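Topology and contacts: notes
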There are 4 protein chains.
Amino acid sequence: MRDSIEAPTAFAELVGYRLEVWRPDYAEVTLALEAKHLNRNGGPHGGLLATLIDTACGYAGVYCTVPGNRRRALTLSLTTQFIARAEPGATLTAIGRKVGGGRHVFFSAGEIRDERGRLIARGEGAFRYRRGSEAPEGEPAR
Amino acid sequence: MRDSIEAPTAFAELVGYRLEVWRPDYAEVTLALEAKHLNRNGGPHGGLLATLIDTACGYAGVYCTVPGNRRRALTLSLTTQFIARAEPGATLTAIGRKVGGGRHVFFSAGEIRDERGRLIARGEGAFRYRRGSEAPEGEPAR
Amino acid sequence: MRDSIEAPTAFAELVGYRLEVWRPDYAEVTLALEAKHLNRNGGPHGGLLATLIDTACGYAGVYCTVPGNRRRALTLSLTTQFIARAEPGATLTAIGRKVGGGRHVFFSAGEIRDERGRLIARGEGAFRYRRGSEAPEGEPAR
Amino acid sequence: MRDSIEAPTAFAELVGYRLEVWRPDYAEVTLALEAKHLNRNGGPHGGLLATLIDTACGYAGVYCTVPGNRRRALTLSLTTQFIARAEPGATLTAIGRKVGGGRHVFFSAGEIRDERGRLIARGEGAFRYRRGSEAPEGEPAR
């Protein structure tokens, strides 16, 4: 639900992606691919795609069940596979799903598709909850 | 040598990193860490660090020995480990080294340190040369 | 179909896993987890799980449509996430799915579950076809 | 020092590798590459190389300063790049170095070379200390 979606981070504003869907263990992040995102080959920069994977995978693990509270996590490791080329003008959607973990660490899997459903990239992340963020209730945002 | 360093890509201009050193099998990319690069925890976004690793690792494999010519490659896979937190105001340097490969694929290892030499992140990439970019001489830029 | 499943490799015989299902873009590999597979903590060795991911992901890309022919590929990069602990006595099934790629390189995603369906590990691989193995028909086995 | 090197695990005995050097933040594991380690292409199985990386990287983080005590850790994530082919008869040495981390999680980087010094594979791992194993002194082995 849109009500639960928090304000964009500084890097999200710089790059232009947006958290669109956020539920327990699930997050969707979208980006309209523009000229500013391109690398020297005219395709989306690999780091841009890794950014979307990291963001969707991270949010998938820190959904907070108490309105106004917050959960925080740090990425420990991130992998990305670059499967197909997206074209400028495409709308990219990165889906992150928490796939496991325990009280302190969680794992997510992510994939990026374009608006036609073509698989553009995949990846995985391992994350660690910050102290106070282990429980689904989170803690009051500071 | 500075003469051999090409113009920044669109994504480099957006994010603010810069190719500083470029030699055969080696590249350095620097970034001044600013507020615009931060995530919801106040640290550099994981995707930013992955971007620097990808960029340094990729450039390390496409140095071109013929002035005016160019070599291109695509990232196949990228990994990043997030080892220590960098603070806003830090100057980050990502070093990429080509560590192996053949005519069509190359492998690079990268690391990011701050201006005090602290290891911030590490990573690895596998890349594929685009057709016409396999040889060190590259091909005329289009 | 069982008829299309090739003889086990030397490493498969050593470790004790088995290719059970093989179709275009899909492979399943099974292993009965025994004492010989354990690490110093009494769980399956991380390398064992990486072996199953690599095997299932690799086979998923080299199914050959012509009986008696063969396709070969090399792993370029492999990632594994270790999500839950499997217990000795468990039967592990690794599923590999080819998720994309082109004529020369392919990408697969893999996961390992125990006989109760619990997710034990996940991973991804990038692979390169050996010359002569690019087409689904493969080439005569030597 | 040889005195500090613990008994091989069950999987080490099965596969045939051996912990040869163990110091704080550093470990070396060796393997004589034999026919039993080969994949369907006649090279070392990717899972074998991942096993050596995982083992060397893991040991690098759990060296224990108190004789008779022990430290334990779990692999969270592991990556491997396959850089050059090793030939049967080669002696492989995997070196793992702990490169960072904190009280609960550590990161290691690993590489495998043959007896001529050729780089065969590289990789990285993130690990979590088991409870009681955070301090260098470890805890009494059970």
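Counting starts from 1 at the beginning of each chain's written sequence and moves along it residue by residue. Starting at A for chains and at 1 for ligands, labels are handed out in the order in which the entities are written. In keeping with the model being predicted, local features are shown solely for residues with a pLDDT of at least 70 and side-chain atom pairs are shown and tallied solely at 80 or more, while totals for entire chains, interfaces and linings include all residues. Excluded from the side-chain calculations are hydrogens and water; all other atoms, namely the structure's heavy atoms, are used.

**Brief notes about the overall build of chain A**
Helices and strands together make up the secondary structure of chain A, namely two helices and eight strands. From first element to last, N terminus to C terminus, chain A shows the α and β order α-β-β-α-β-β-β-β-β-β. Seen through its principal axes, chain A has C-alpha atoms that stretch 45 × 25 × 25 Å. Three exposure classes are used, based on accessible area relative to the maximum for each residue type with a 1.4 Å probe and protein chains only: buried under 20%, partly exposed in between, and exposed over 50%. In chain A, which comprises 142 residues, the proportion classed as buried is 60%. A sequence separation of at least 24 residues applies to 62% of the contacts in chain A between residues at least 6 apart. Total accessible area computed for chain A in this model is approximately 5700 Å², and 50% of it derives from carbon and sulfur atoms. Positive charges come from Lys and Arg, negative ones from Asp and Glu, while His and the chain ends are left out of the count. Charged side chains are reduced to one point each, which is NZ for Lys, CZ for Arg, CG for Asp and CD for Glu. Averaging the locations of the 20 positively and 16 negatively charged side chains of chain A gives two centres separated by 4 Å. In DSSP terms, a helix is any run of H or I states spanning at least four residues, a strand is any run of E spanning at least two, and both are numbered starting from the N terminus. Any two residues whose heavy atoms approach within 4.5 Å are treated as being in contact. The Shrake-Rupley method, run with a 1.4 Å probe sphere, supplies the accessible areas, and residue values consider only the shown protein chains as cover.

**Observations concerning the relation of the copies chain B and chain A**
When the copies are overlaid, the least-squares fit takes in C-alpha atoms only where the residue has pLDDT of at least 70 in both copies. By a simple turn and slide, chain B fits onto chain A: the slide is 0.0 Å along the axis, the RMSD is 0.0 Å, and the turn is 180°. A rotation of that kind, with that shift, is consistent with a two-fold axis. Identified as the residue of chain B closest to the rotation axis by C-alpha distance is threonine 79 of chain B, at 2.2 Å. A symmetric contact is evident, with 100% of the interface residues of chain B recurring at the interface of chain A.

**Description of the environment of arginine 122 of chain D**
Within the secondary structure, arginine 122 of chain D sits in strand E7 (residues 119-129). Counting along the chain gives 13 residues from arginine 122 of chain D to alanine 135 of chain D, while the straight-line C-alpha distance between them is 28 Å. When residues no more than four places from it in sequence are discounted, the contact partners of arginine 122 of chain D are Val99, Ala109, Arg122 and Glu124 of chain B together with Ile53, Thr79, Thr80, Gln81, Ile83, Gly110 and Glu111 of chain D.

**Quick word on the confidence of the model for chain A**
Of the residues in chain A, 96% reach a pLDDT of 70 or more, and the chain-wide mean stands at 94. Interface confidence in the predicted complex, given as ipTM, is 0.95; pTM for the same model is 0.95. Scored between 0 and 100, pLDDT is the confidence that the predictor attaches to each residue.

**Comments concerning the interface of chain C and chain B**
Between chain C and chain B, the contact holds six residues from the first and six residues from the second. The junction of chain C with chain B conceals about 520 Å² of combined surface from both sides, 77% of it contributed by carbon and sulfur atoms. In the sections that follow, a salt bridge refers to a side-chain nitrogen of Lys or Arg positioned within 4 Å of a carboxyl oxygen of Asp or Glu. Remark: the boundary between chain C and chain B carries zero salt bridges. Side-chain atoms alone can form a polar contact between residues adjacent in sequence; in general such a contact is a pair of N or O atoms within 3.5 Å, and within protein one must be able to donate a hydrogen while the other accepts it. For the pair chain C and chain B, the number of links is one residue pair in polar contact (both at pLDDT 80 or more). Note on definitions: buried area is the accessible-area loss of two parts on being combined, 1.4 Å probe, summed for both.

**Considering the interface of chain B and chain A**
The interface is formed by 40 residues belonging to chain B together with 40 residues belonging to chain A. Summed over both sides, the interface between chain B and chain A buries roughly 2900 Å², with carbon and sulfur atoms accounting for 53% of that surface. On the chain B side of the contact with chain A, Phe11, Leu14 and Arg40 of chain B bury the most area, a combined 26% of that side's loss. At the junction of chain B with chain A, the criterion picks out two salt bridges. On the surface where chain B and chain A come into contact, there are 24 residue pairs in polar contact (both at pLDDT 80 or more). When residues in the side of chain B that touches chain A are grouped by element, the largest group, ten residues, is from strand E4 (residues 73-82) of chain B. Its residues placed into classes, the side of chain B that touches chain A shows 17 nonpolar, 14 polar and nine charged. Here, a strand pair is defined by DSSP locating no fewer than two bridges between the strands. As defined by bridge partners, strand E4 (residues 73-82) of chain A adjoins E4 of chain B across five bridges and the pair is classed as antiparallel. Paired with serine 77 of chain A across the bridge in E4 of chain B is glutamine 81 of chain B. Residues are grouped as follows: Ala, Val, Leu, Ile, Met, Phe, Trp, Tyr, Cys and Pro are nonpolar; Asp, Glu, Lys and Arg are charged; all remaining types, including Gly, are polar.

**A word on the sheet that holds strand E2 (residues 26-32) of chain B**
Reading across from one edge, E1(A)-E2(A)-E5(A)-E6(A)-E7(A)-E4(A)-E4(B)-E7(B)-E6(B)-E5(B)-E2(B)-E1(B) is the order of the twelve strands in this open sheet, with antiparallel pairing throughout. The outermost strands of the open sheet, each flanked by one partner alone, are strand E1 (17-23) of chain A together with strand E1 (17-23) of chain B. Strand-to-strand twist of the sheet, defined as the mean angle between neighbouring strand axes without regard to direction, takes the value 20°. Sheet analysis places E1 of chain B next to E2 of chain B, joined by six bridges and oriented antiparallel. Directly across from tryptophan 22 of chain B, in E2 of chain B, lies its bridge partner alanine 27 of chain B. The strands touched by helix H2 (residues 46-61) of chain A are E1, strand E2 (26-32), E4, strand E5 (91-101), strand E6 (105-113) and strand E7 (119-129) of chain A; relative to E6 of chain A, the strand with the most contacts, the crossing angle is about 130°. Orientation is described by lines fitted to C-alpha atoms, with helices fitted over the stretch in contact, and by angles between N-to-C directions that extend from 0 to 180 degrees. Across the sheet, helix H2 (residues 46-61) of chain B touches E1, E2, E4, strand E5 (91-101), strand E6 (105-113) and strand E7 (119-129) of chain B, and the angle it forms with E6 of chain B is around 130°.

**Concerning H2 of chain B**
Compared with the 22 Å implied by 1.5 Å per residue over 16 residues, the 23 Å span of H2 of chain B between its first and last C-alpha is a close match. With 16 of 16 residues buried, H2 of chain B is to be regarded as a mostly interior element. Expected span of a helix, by definition, is 1.5 Å for each gap between consecutive residues, and there is one gap fewer than residues.

**Brief notes about the environment of glycine 42 of chain A**
All names here are of chain A. By the secondary structure assignment, glycine 42 is in the loop between E2 and H2. Along the chain, glycine 42 and arginine 85 lie 43 residues apart, while their C-alpha atoms are 9.8 Å from each other. Aside from chain neighbours lying at most four places away, what touches glycine 42 is Arg85 and Pro88.

**Notes on the sheet that holds strand E2 (residues 26-32) of chain D**
In a beta sheet, neighbouring strands are held together by backbone hydrogen bonds and run either parallel or antiparallel to one another. Strand order in the open sheet made by the twelve strands is E1(C)-E2(C)-E5(C)-E6(C)-E7(C)-E4(C)-E4(D)-E7(D)-E6(D)-E5(D)-E2(D)-E1(D), with antiparallel pairing throughout. The open sheet has two edge strands with one neighbour each: strand E1 (17-23) of chain C together with strand E1 (17-23) of chain D. Taking each pair of neighbouring strands and ignoring which way they run, the sheet shows an average axis angle of 20°. Pairing between strand E4 (residues 73-82) of chain D and E7 of chain D: nine bridges, direction antiparallel. Across the sheet, residue phenylalanine 82 of chain D finds its bridge partner in E7 of chain D, namely alanine 121 of chain D. Running at roughly 130° to strand E6 (residues 105-113) of chain C, helix H2 (residues 46-61) of chain C makes contact with E1, strand E2 (26-32), strand E4 (73-82), strand E5 (91-101), E6 and strand E7 (119-129) of chain C of the sheet. Packed onto the sheet, helix H2 (residues 46-61) of chain D meets E1, E2, E4, strand E5 (91-101), strand E6 (105-113) and E7 of chain D and runs at close to 130° relative to E6 of chain D.

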